[in-house]
Amino acid sequence: MRTLWTTLISFSLAGVALCADGRELKANDRYMCSWGAGTAARAQELKLSGVSLYAARQKIQAYKFSKGWMRMMALGITEQTYDSKSRLKPEAIRRGFYEDCVKYKLARR
């Protein structure tokens, strides 16, 4: 009897884990993660090319964004990128940011 309960509990936990992994992101969340990853990669490009944080901020302020939240988010991502001591290539930054964002969005569900 004890073996039966252990087996049932383990299968139910495995089923819950599979359901949690199978969740999909909404299109808006996927867009936001992709946009943020691109912003982080551009900020890393500017940083590695020697552009100051002040000049990077000025470029962001001059850019026209399609959504109201994008400007402040872009400024925050740029500032965090400049504060980091990372010398990774922009493509590695883009990939890491996107993966972490997706993990975060899935964990919040």
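These lines cover the structure that appears in this document, whether it is placed above or below. In this numbering scheme, every chain counts its residues from 1 along its sequence in written order. Reporting in this predicted model follows two pLDDT cut-offs: at least 70 for local features of residues, and 80 or more for side-chain atom pairs to be given and counted; totals over whole chains, interfaces and linings ignore these cut-offs and use all residues. Only hydrogens and water are set aside; all other atoms, that is, all heavy atoms of the structure, feed into the side-chain values.

1. Some details on the packing of helix α2 (residues 27-48) against helix α4 (residues 70-83)
Working note: a packed helix pair is described by the angle between its axes plus the distance between those axes.
Here is step 1 of the chain: Note on method: axes are straight lines fitted to C-alpha atoms, helices fitted across the in-contact stretch only, with angles between N-to-C directions ranging 0 to 180 degrees. The numbering of helices and of strands both runs from the N terminus, where a helix is a DSSP run of H or I of at least 4 residues and a strand a run of E of at least 2. At a closest axis distance of 9 Å, the pairing of α2 and α4 adopts a crossing angle of 45 degrees. For the element pair α2 / α4, the angle class is oblique. Helix-helix and strand crossings are classified by hand; for α2 and α4 the assignment is right-handed. Taking contact as the criterion, the partners of Tyr-31, Met-32, Trp-35, Gly-36, Thr-39, Ala-40, Ala-43, Gln-44, Leu-46 and Lys-47 in α2 are, on α4, Met-70, Met-73, Ala-74, Ile-77, Thr-78, Thr-81 and Tyr-82. These descriptions rest on fixed angle ranges, namely under 35 degrees for roughly parallel, over 145 for roughly antiparallel, 65 to 115 for roughly perpendicular, and the rest for oblique. Helix crossings are classified by the rotation of the near helix relative to the far one: an anticlockwise turn of less than a right angle makes the crossing left-handed, while a clockwise turn makes it right-handed. Between two residues, a contact is recorded if the distance between any of their heavy atoms is within 4.5 Å.

2. Thoughts on the environment of Glu-45
Here is step 1 of the chain: As for its placement among the helices and strands, Glu-45 is situated in helix α2.
Here is step 2 of the chain: Burial classification: accessible surface area is computed with a 1.4 Å probe over protein chains only, and a residue below 20% of its type maximum counts as buried, one above 50% as exposed, and the rest as partly exposed. Of the residues examined, Glu-45 reaches a relative accessible area of 43% and is grouped as partly exposed.
Here is step 3 of the chain: When the C-alpha positions of Glu-45 and Glu-91 are compared, they lie 9.4 Å apart, and in sequence the two are 46 residues distant.

3. Examining the side chain of Lys-47
Here is step 1 of the chain: Within the secondary structure, Lys-47 is located in helix α2.
Here is step 2 of the chain: Although buried, Lys-47 forms no salt bridge, and the nearest oppositely charged side chain, Asp-83, lies 8.5 Å from it.
Here is step 3 of the chain: From its side chain, Lys-47 meets the backbone oxygen of Thr-81 in a polar contact 3.1 Å long.
Here is step 4 of the chain: Setting aside its immediate chain neighbours within four residues, Lys-47 contacts Thr-81, Tyr-82, Ser-84, Lys-85, Ser-86 and Arg-87. Counted charges follow a simple rule, with Lys and Arg positive, Asp and Glu negative, and His plus the chain ends left uncounted. Salt bridge, as applied in this entry: a Lys or Arg side-chain nitrogen positioned within 4 Å of an Asp or Glu carboxyl oxygen. Distance and chemistry together define a polar contact, namely a pair of N or O atoms within 3.5 Å, with one atom able to donate a hydrogen and the other to accept it when in protein, and with adjacent residues in sequence counting only for side-chain atoms on both sides.

4. Details of the packing of α2 against helix α5 (residues 90-108)
Here is step 1 of the chain: The geometry of α2 relative to α5 is characterised by a closest axis approach of 8 Å and an angle of 150 degrees between their N-to-C directions. Between α2 and α5, the interaxial angle falls into the category roughly antiparallel. Remark: the crossing between α2 and α5 carries right-handed chirality.

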